[in-house]
Amino acid sequence: MYELSKIHKNEVPLRLILSMIGSPQHELAKWLSEILEHVLKEFSGNCIADSFRFAATMRELDFNSETTFLCWFDVTNLFTNIPLDETIHICSDMLYRSTLTPPDFPENIFLEFMKLATKSVCFSFNDVMYQQVDGVAIGSPLSPILANIFLGFQESLLFTQVSRPVRYWRYVDETFVIVKRHHEENFFKSRKNAESLTRAASTTYGQRQGCQIANSYAVHADRAACNYKVDDVV
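Computed from a predicted structure; not experimentally measured.

**Student:** Is there a simple way to explain the overall build of the protein in this structure?
**Tutor:** When helices and strands are tallied, the protein shows 9 helices and 11 strands. Restricting to contacts in the protein with at least 6 residues of sequence separation, those with at least 24 account for 63%. Just so you have it, the protein exposes about 13,300 Å², and 51% of that area is on carbon and sulfur atoms.

In structure tokens, the structure reads:
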């Protein structure tokens, strides 16, 4: 394991990277990533390819700032907070209990392979050995795929509970939303919606104008920085 500095953030925090190249788990993870591509596609309807595509799309939009509300939210430490067991079973259900063509081996073998490629990863840091037990490691070929599948699944649940916003785009853990003004409270206020958006990790919000939305979750606004912290107050 090694570290990279996040020089674009205050106090320059470190990002831990797990070097898996050359390990048996790395080869297994690459192979499983190919199998999961069809599952990923099912949950990528809200994803945007890159910042260039986002900027081009925004330039084409025609919206009235008087009637629309723009905000963003970012999942903190997404990869290391992905619940592995739940995400693996989401993948398994999609592969073996949906319209997708399943792999040519039994489901129990798939589950075992997934656990070997994620929960059985051992690594050293400062001469101490560790084993990954939950979350996905930055450096594994499976990490971005599992993170996107988990968030995409949560989004699919979210939009069965609330109306789809005017625009909803996500790039990995960064999400940009446009909703009709005065409808933003309905989008964020519901306890179930908040759980769907924050169950993986804490979430940071931003918007153009500060507000406070209180239900089972409290959203505290910092009007100067436009940063929001979601606190579970249940």
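**Student:** Help me out: how do you make sense of the environment of Ser 156 in this one?
**Tutor:** Relative to the helices and strands, Ser 156 is located in helix 7 (residues 143-158). On a C-alpha basis, the gap between Ser 156 and Phe 43 in space is 7.7 Å, while along the polypeptide they are 113 residues apart.

**Student:** Where do I start with the packing of aromatic side chains in this structure?
**Tutor:** A ring pair, where both rings are aromatic, is described by two values, the distance of the centres and the angle of the planes. One pass over the structure, following the stated rule, counts 9 aromatic pairs. Here Phe 43 and Phe 153 contribute two aromatic rings whose centre-to-centre distance is 6.0 Å and whose plane-to-plane angle is 85°, an arrangement assigned as edge-to-face. Of this pair, Phe 43 sits in the loop between helix 2 (37-42) and helix 3 (51-60) while Phe 153 sits in helix 7, and the two are 110 residues apart along the sequence. Overall, the relative accessible area of 10% leaves Phe 43 in the buried class. The class of Phe 153 is partly exposed, set by a relative accessible area of 23%. Taken together, the ring pairs connect Trp 31, Phe 105 and Phe 113 into an aromatic cluster. Sitting over the ring of Phe 159, Arg 164 keeps its end group 4.2 Å from the ring centre.

**Student:** For this particular structure, what's the right way to read the side chain of Asn 148?
**Tutor:** Secondary-structure assignment places Asn 148 in helix 7. Apart from residues lying up to four places away in sequence, Asn 148 is in contact with Leu 40, Phe 43, Cys 47, Arg 170 and Val 172.

**Student:** What am I meant to see in the pattern of salt bridges here?
**Tutor:** When the charged atoms of two side chains lie near each other, side chains of opposite charge can form a pair. Applying the stated criterion across every chain yields a total of 5 salt bridges. Notably, a salt bridge pairs Glu 27 with Lys 30, separated by 3.8 Å at the nearest N-O pair. Of the two residues, Glu 27 and Lys 30 both sit in helix 1 (residues 24-35), 3 residues apart, roughly one turn of that helix. The residue Asp 85 makes a salt bridge to Lys 119 at a minimum N-O spacing of 2.8 Å. Placement of Asp 85 in helix 5 (residues 84-96) and of Lys 119 in the loop between helix 6 (107-118) and strand 4 (122-125) is noted, with a sequence separation of 34 residues between them. A relative accessible area of 37% places Asp 85 in the partly exposed class. For Lys 119, a relative accessible area of 22% translates into the label partly exposed. Taken together, the shared-partner salt bridges connect Asp 93, Arg 97 and Glu 107 into one network.

**Student:** Is there a simple way to think about unusual backbone geometry in this case?
**Tutor:** Excluding glycine, a negative phi dihedral is what most residues carry, and trans is how most peptide bonds are arranged. The phi dihedral of Val 172 falls on the positive side, at around 55°, and the residue is not glycine. By the secondary structure assignment, Val 172 is in the loop between strand 6 (167-171) and strand 7 (174-180).

**Student:** Teacher, can you tell me more about the nonpolar core here?
**Tutor:** Core analysis: the largest hydrophobic core is formed by 32 residues, its most contacted members being Leu 32, Leu 36, Val 39, Phe 110, Leu 146 and Ile 149. For this core, the secondary structure elements donating two or more residues are helix 1, helix 2, helix 4 (78-81), helix 5, helix 6 and helix 7. Once residues lying within four places of it in the same chain are set aside, the contact partners of Leu 36 are Cys 91, Leu 95, Phe 110, Met 114, Leu 142, Ile 145, Leu 146 and Ile 149. Phe 69, Cys 71, Phe 73 and Phe 159 belong to the second largest nonpolar core, which has 9 residues in total.

**Student:** Please clarify how the pairing of strand 3 (residues 68-75) should be interpreted in this entry.
**Tutor:** The side chains of a regular strand alternate, residue by residue, between the two faces of the sheet. Across the 8 residues of strand 3, 7 count as buried, placing the element largely inside the fold. Across 7 bridges, the pairing between strand 3 and strand 7 is antiparallel. Bridging from a neighbouring strand, Thr 68 pairs with Lys 180 of strand 7.

Reading guide: rules and limits
- Residues numbered from 1 in each chain as written.
- Predicted model: local features only at pLDDT ≥ 70, side-chain atom pairs only at ≥ 80, totals over all residues.
- Heavy atoms only, no water.
- Helix = DSSP H or I, 4+ residues; strand = E, 2+ residues; numbered from the N terminus.
- Contact = heavy atoms within 4.5 Å.
- Areas by Shrake-Rupley, 256 points an atom, 1.4 Å probe, with all protein chains shown as cover.
- Phe/Tyr/Trp six-rings, centres within 6.5 Å; stacked < 30°, edge-to-face > 60°.
- Buried < 20%, exposed > 50% of the residue type's maximum accessible area, 1.4 Å probe, protein only.
- Lys NZ or Arg CZ within 6 Å of the ring centre and 35° of its normal.
- Salt bridge = Lys/Arg side-chain N within 4 Å of Asp/Glu carboxyl O.
- Core = buried A, V, L, I, M, F, W, Y, C linked by side-chain atoms within 4.5 Å.
- Pairing = 2+ DSSP bridges.

Fair warning: the whole summary comes from geometry, so function is off the table for now.
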